[in-house]
Each structure stands twice: as C-alpha cells, then as structure tokens.
Amino acid sequence: MAEAIQKKLKAELEKYTQMQKDVSKSMSARQKLETQLTENNIVKEELDLLDSTNTVYKLIGPVLVKQDLDEAKATVAKRLEYINGEIQRYETLLKDMEKKSEQHREVLSSLQQEFQRAQAARMLTHTYTHTEKVEGDSHNTM
C-alpha cells in the first residue's frame, strides 16, 4: 500500500514541479512585458513633446526611415494597447496557475500524510509480527 501511495506522491510532485516551472516562465514573460511597457511609455512621452515640424525616424533593420509623427504615435499607441492586453492575460494566467499550484500542494500534503500513516501502520504490523515470533519462540523453550 505504501508503495502505491509513494508512486502517487512522486507523480503529483512531478506535476507540481512542472507547474512551478511554468509559473516561473510566465512570470519572466510578464516581467519582459513590463519592461517593454515602460520603454514604450517613454517613447510615447517623447513623441508627445514633438510637433509637426519635427522629423521622426523609424529603425528598420540597419536603416533609419523617415516616418510621419501621427503614424509613429499611432504605432506606439497600438503597441501599448497590445502590451497592456498581454500583461492582463499573464496576470489572469498566473492567478489560475497559483490556484492550480495550491491544489497540487494540498494533494501533496494529503498524500504525504497518507504515506506516513501507511508507513507507521506497516511498522506497527512488522513490530507486532516480530513480537509474536519472539514470544512464540520463548513459549516453546519453556
């Protein structure tokens, strides 16, 4: 019985470990998005300081290409909208993962307790069986 519980415990631990790796990856991706959000907000602020007399260039590969100010502002606004949407998506995903992770922790805890009870019962059975043999042997010698 303890072996079956141990197998379940190992499988659940593997699921939990994978869940933690996924949480870590998602948190890393969210942090990258936060960095991009900050950078794009700075770009937006800089573009807001300009007027139509200023020239704006966009880096495309190794080349700077002249770009219309309104087009640049629209591109940055769309980028900010996209990044904010992705951040919201990751926040929802992380909350869901945290709930699942908590469920895995509860199952792990339950399986650990079950495993410990099974081991304790096994030890008691072993001790009781061993005691009977010793007592049986001592009765035979009298």
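Up top is the structure.
This text gives an overview of the structure that appears in the document. Sequence order as written defines residue numbering, which begins from 1 separately in each chain. At least 70 in pLDDT is required for a residue's local features to be given in this predicted model, at least 80 for side-chain atom pairs to be given and counted, and no such filter applies to totals for whole chains, interfaces and linings, which use all residues. Values reported for side chains reflect all heavy atoms of the structure, with hydrogen atoms and water molecules removed beforehand.

## A closer look at the nonpolar core
Considering soluble globular proteins, one finds that nonpolar side chains tend to be buried as a cluster. What counts, and what does not: Here, nonpolar core means buried Ala, Val, Leu, Ile, Met, Phe, Trp, Tyr and Cys residues that are tied together by side-chain atoms lying within 4.5 Å of each other. Accessibility here uses a 1.4 Å probe with only protein chains present; expressed as a share of the type maximum, an area under 20% marks a residue as buried, one over 50% as exposed, and anything in between as partly exposed. Strands here are runs of E lasting at least two residues and helices are runs of H or I lasting at least four, both read from the DSSP assignment and numbered beginning at the N terminus. Residues are treated as being in contact if the distance between any of their heavy atoms lies within 4.5 Å.
With 11 residues, the main nonpolar core is built from Leu33, Leu37, Leu47, Val56, Leu69, Ala72, Val76, Leu80, Ile83, Ile87 and Tyr90. Mapped onto this core, the elements with two or more residues apiece are α1 (2-48) and α2 (69-141). Tallying contributions element by element places α2 first for this core, with 7 residues. With near-sequence residues (within four places) excluded, Ile87 lies in contact with Arg30, Leu33, Glu34 and Leu37. Membership of the second largest hydrophobic core comes to 8 residues, among which are Ile5, Tyr16, Phe115 and Ala118.

## Here's the deal with the pattern of salt bridges
The condition is simple: The term salt bridge refers to a side-chain nitrogen of Lys or Arg lying within 4 Å of a carboxyl oxygen of Asp or Glu.
This model, assessed by the stated rule, comprises 7 salt bridges. For Arg30, the salt bridge identified is with Glu91, shortest N-O distance 2.4 Å. Of the two residues, Arg30 is situated in helix α1 and Glu91 in helix α2; the sequence distance between them amounts to 61 residues. Taking relative accessible area as the criterion, Arg30 reaches 21% and is therefore assigned partly exposed. A relative accessible area of 25% means that Glu91 is categorised as partly exposed. In this structure, Glu98 engages Arg105 in a salt bridge whose closest nitrogen and oxygen atoms are separated by 2.9 Å. Three or more residues are tied together by salt bridges with common partners; here these are Arg30, Glu34 and Glu91.

## Here we look at the packing of aromatic side chains
Two aromatic rings, taken as a pair, are described by how far apart their centres are and by the angle between their planes. Using the following cut-off: Aromatic rings from Phe, Tyr and Trp, with only the six-membered ring used for Trp, were paired whenever their centres fell within 6.5 Å, and each pair was classed as stacked if the ring planes differed by under 30 degrees, edge-to-face if by over 60, and tilted otherwise. In our convention, an over-ring charge means Lys NZ or Arg CZ found within 6 Å of a ring centre and within 35 degrees of that ring's normal.
Using the criterion set out here, one finds 0 aromatic pairs in the structure. One cation-aromatic arrangement involves Arg89 over Tyr90; the distance from NZ or CZ to the ring centre is 4.8 Å.

## A short note on the environment of Gln18
Note on placement: Gln18 falls in helix α1. For Gln18, a relative accessible area of 38% puts it in the partly exposed group. Sequence separation between Gln18 and Ser101 is 83 residues; the distance between their C-alpha atoms is 9.9 Å.

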